[in-house]
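Here is what each chain is made of, one letter per residue.
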Amino acid sequence: MKKSNIGRIPLVDAIIYISAFLLIIYIFWLQLIWSQSLVIYGTTIIILLCSMVKFNKIRLDLAWTLFILITSIFGLLVSDNATYSLDASMVVFKAFLFATCILNVMKLSAGFKVVRVACIIAGLCLSTMLMISGVLINGRVTLSDSMNGNVISTSILVALIMCLYESIFVPKRKILLFLICFYMFSAALLTGSRKSFVGMLLIIVFYFIFIESRRKKSATKKIVFIAIGFMVVALAIRYALENAVLLDRFLNTGYLGDQNRLNYYMNAVEIFSANPLLGKGWGGFAYKYGMYSHSTYAELIANTGLIGTLCFLGCIIRLFRGLRDQYGMAKPGKDRQIVILTIGSLILILGLGIGAAIFYEMNMMLCIGVIFSIAKPSRKYFNLEEAALTSIYFA
């Protein structure tokens, strides 16, 4: 019986790795060309079933699972249109399912490697398509007339974060990875997305200040790498200044999109005032105003009310506490640098949530899945031996 189980494990691992790799490529790149929810559901079910075979259970974050269940069930009860609310709940559930898949993939020895490589490849493909065959609409480059460039730039941002993770694991490829980051950054600028531009700048600066400058190396090398970091930031700012659309979107205080967002936020407050406890259910804001509010926090208060918002805050607090604990347990060096970058990524994702709904965006939920795995807030499901970063996550 033992031999049979051991013989099955490599095959199960291979299925999980291949499925996860293809799923990430699809979500980050091919979905923008051909969108089909059945592909996502089918692949995630395969990964979760294989994870069940491998570990005899599916890894879940308890707090986030309760958040999804509570807000979906109560949302259906208070919604003005139960069918619309159910459809919106399925969008949230699909993103949560994807994050759960990433959490389970990350439990395998090479899981994080697969996630990083798939994201970087998808980011390179997206960047190249933007530069070669992008469509210019109102001064912003995208892949089709109906596609929002912000979604593309956010996917590239996540790929850039994975490049920074990879540079910690494989320092010998650092220069190549920095060049890839710069290439993707240049492509993302074409979309005219302000939040992605600011997000990329912030995570790069964070990386050089809190990780690269603290590595054990000679003073000369530190100066060189810090100089490279400042050069990248300076070039990025220069490119932004030369990008007329992006510069105009930063400087023009009367920009229509900003006015619309402010109106959406005020509308969300109105819905919350009328329904403070449970909100109007997932999709409640969009059902009333014909468009979602472009903010994680506006969506929370309008659609899930006080109960859902507190559940979400509980999830985030658990993540920060888990990362704090992991930082204390991690050995100085690579493990601790991974935790530091994860803390920076979580702060960045929460900041981006001001202008986008985290739980609707599959690319952001990939980051949440990675953070789940590294923070490991659900202590109930894991023992302390599994919490050793080097042996479990980064083998």
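Summary of the structure given here. Since the model is a prediction, treat every value here as computed from it, not as a measurement. (Residues numbered from 1 in each chain as written. Predicted model: local features only at pLDDT ≥ 70, side-chain atom pairs only at ≥ 80, totals over all residues. Heavy atoms only, no water.)

### Digging into the overall build of the protein chain
Part 1: A count of helical and extended segments in the protein chain gives 16 helices and two strands.
Part 2: Scored against the burial criterion, the 395 residues of the protein chain give a buried share of 52%.
Part 3: The long-range fraction of contacts in the protein chain, counting pairs at least 24 apart against all pairs at least 6 apart in sequence, stands at 76%.
Part 4: Just so you have it, the protein chain exposes about 17700 Å², and 70% of that area is on carbon and sulfur atoms. (Helix = DSSP H or I, 4+ residues; strand = E, 2+ residues; numbered from the N terminus. Buried < 20%, exposed > 50% of the residue type's maximum accessible area, 1.4 Å probe, protein only. Contact = heavy atoms within 4.5 Å. Areas by Shrake-Rupley, 256 points an atom, 1.4 Å probe, with all protein chains shown as cover.)

### Description of the packing of helix 3 (residues 62-78) against helix 13 (residues 296-329)
Part 1: In the contact formed by helix 3 and helix 13, the axes pass within 9 Å of each other and the chain directions differ by 170 degrees. Between helix 3 and helix 13, the angle falls in the class roughly antiparallel. In this structure, helix 3 uses Ala63, Trp64, Phe67, Ile70 and Thr71 to contact helix 13, whose residues at the interface are Leu300, Thr304, Ile307, Gly308, Cys311, Phe312, Cys315, Ile316 and Arg318.
Part 2: When its residues are assigned to classes, the contact of helix 3 with helix 13 shows 10 nonpolar, three polar and one charged. (Axes fitted to C-alpha atoms, helices over the stretch in contact; angles between N-to-C directions. Parallel < 35°, antiparallel > 145°, perpendicular 65-115°, else oblique. Nonpolar A, V, L, I, M, F, W, Y, C, P; charged D, E, K, R; others polar.)

### Looking at the side chain of Asn150
Part 1: Of note, Asn150 is situated in helix 6 (residues 149-169).
Part 2: Residue Asn150 is classed as buried on the basis of its relative accessible area of 10%.

### A look at helix 13
Part 1: In a regular helix each residue adds 1.5 Å, so 34 residues correspond to 50 Å; helix 13 covers only 32 Å between its end C-alpha atoms and thus falls short of that length.
Part 2: Most pronounced at Thr304, the bend in helix 13 amounts to some 125 degrees. (Expected span 1.5 Å × (residues − 1). Bend = angle between axes of the 7 residues up to and from the residue.)

### Quick word on the packing of aromatic side chains
Part 1: For the structure shown, the criterion picks out 22 aromatic pairs.
Part 2: Here the aromatic rings of Phe67 and Phe359 are separated by 6.5 Å at their centres, their planes lie at 45 degrees, and the arrangement is tilted. In this pair, Phe67 is assigned in helix 3 and Phe359 in the loop between helix 14 (334-352) and helix 15 (362-375), connecting sequence segments 292 residues apart. Exposure class is identical for Phe67 and Phe359. Each is buried. (Phe/Tyr/Trp six-rings, centres within 6.5 Å; stacked < 30°, edge-to-face > 60°.)

### Some thoughts on the side chain of Thr154
Part 1: Looking at the secondary structure, you find Thr154 in helix 6.
Part 2: The buried category is assigned to Thr154, whose relative accessible area is 5%.
Part 3: Not counting residues up to four positions away in its chain, the partners in contact with Thr154 are Lys195, Ser196, Asn363 and Met364.

### Brief notes about the pattern of salt bridges
A pair can form between side chains of opposite charge whenever their charged atoms are brought close.
Part 1: Taken as a whole, this structure holds seven salt bridges when the rule is applied.
Part 2: The shortest N-O distance in the salt bridge between Glu166 and Lys113 comes to 2.6 Å. Within this pair, whereas Glu166 is found in helix 6, its partner Lys113 is found in helix 5 (residues 111-133), the two being separated by 53 residues in sequence.
Part 3: The class for Lys113 is partly exposed, based on a relative accessible area of 31%.
Part 4: Close ionic contact of Lys174 with Glu212 constitutes a salt bridge, the shortest N to O distance being 3.1 Å. Of the two residues, Lys174 sits in helix 7 (residues 174-189) while Glu212 sits in the loop between helix 8 (194-210) and helix 9 (219-242), which places them 38 residues apart along the sequence.
Part 5: Through salt bridges with shared partners, a single ionic network connects Lys113, Arg116, Glu166 and Arg173. (Salt bridge = Lys/Arg side-chain N within 4 Å of Asp/Glu carboxyl O.)

### Quick notes on the packing of helix 14 against helix 15
To characterise two packed helices, one gives the angle between the axes of the helices and the distance between these axes.
Part 1: Put simply, helix 14 and helix 15 touch, their axes get as near as 10 Å, and they point 140 degrees apart. Considering the relative orientation of helix 14 and helix 15, their crossing is left-handed. Counted together, Ile338, Thr342, Ser345, Leu346, Ile349 and Leu352 of helix 14 and Met364, Cys367, Ile368, Ile371 and Ile374 of helix 15 form the full contact between these two elements.
Part 2: For the contact of helix 14 with helix 15, the class distribution of residues is nine nonpolar, two polar and no charged. (Left-handed = near helix turned anticlockwise from the far one by under 90°.)

### A short note on a nonpolar patch on the surface
Part 1: A cluster of nonpolar residues, Leu277, Leu306, Leu310, Leu313 and Ile317, forms a patch on the protein surface that exposes about 470 Å² of accessible area.
Part 2: Looking at where Leu313 falls in the secondary structure, it is placed in helix 13.
Part 3: The class of Leu313 is partly exposed, set by a relative accessible area of 42%. (Patch = residues over 30% accessible without salt bridge, like charges linked within 9 Å, V, L, I, M, F, W, Y side chains within 5 Å.)

### Focus on unusual backbone geometry
Among all residues except glycine, the phi angle is most often negative; among peptide bonds, the trans geometry is most common.
Part 1: Phi at Asn56 takes a positive value of approximately 65 degrees, unusual for a residue other than glycine.
Part 2: Its place among the elements puts Asn56 in the loop between helix 2 (37-55) and helix 3.

### Focus: the state of the cysteines
Part 1: All chains considered together, the criterion is met by zero disulfides.
Part 2: Of the cysteine sulfurs around Cys119, a residue in no disulfide, the closest is that of Cys367, at 7.5 Å.
Part 3: We classify Cys119 as buried; its relative accessible area is 0%. (Disulfide = S-S within 2.5 Å.)

### Overview of the environment of Ile203
Part 1: Looking at where Ile203 falls in the secondary structure, it is placed in helix 8.
Part 2: Exposure remark for Ile203: the relative accessible area of 2% places this residue in the buried category.
Part 3: Along the primary structure Ile203 and Leu164 are separated by 39 residues, whereas in three dimensions their C-alpha atoms are 9.0 Å apart.
Part 4: Setting aside chain neighbours within four positions, we find Ile203 in contact with Leu160, Ile161, Leu164, Leu341, Gly344, Ser345 and Leu348.

### What about the environment of Ala95?
Part 1: Structurally, Ala95 can be placed in helix 4 (residues 82-105).
Part 2: Taking C-alpha positions, Ala95 is 6.2 Å from Met365, a pair spaced 270 residues apart along the chain.

### Some thoughts on helix 8
Part 1: An ideal rise of 1.5 Å per residue puts 24 Å on 17 residues; helix 8 measures up with 24 Å between its terminal C-alpha atoms.
Part 2: Arg194, Ser196, Phe197, Gly199, Met200, Leu201, Ile203, Ile204, Phe206, Tyr207 and Phe208 are the residues of helix 8 that are buried.

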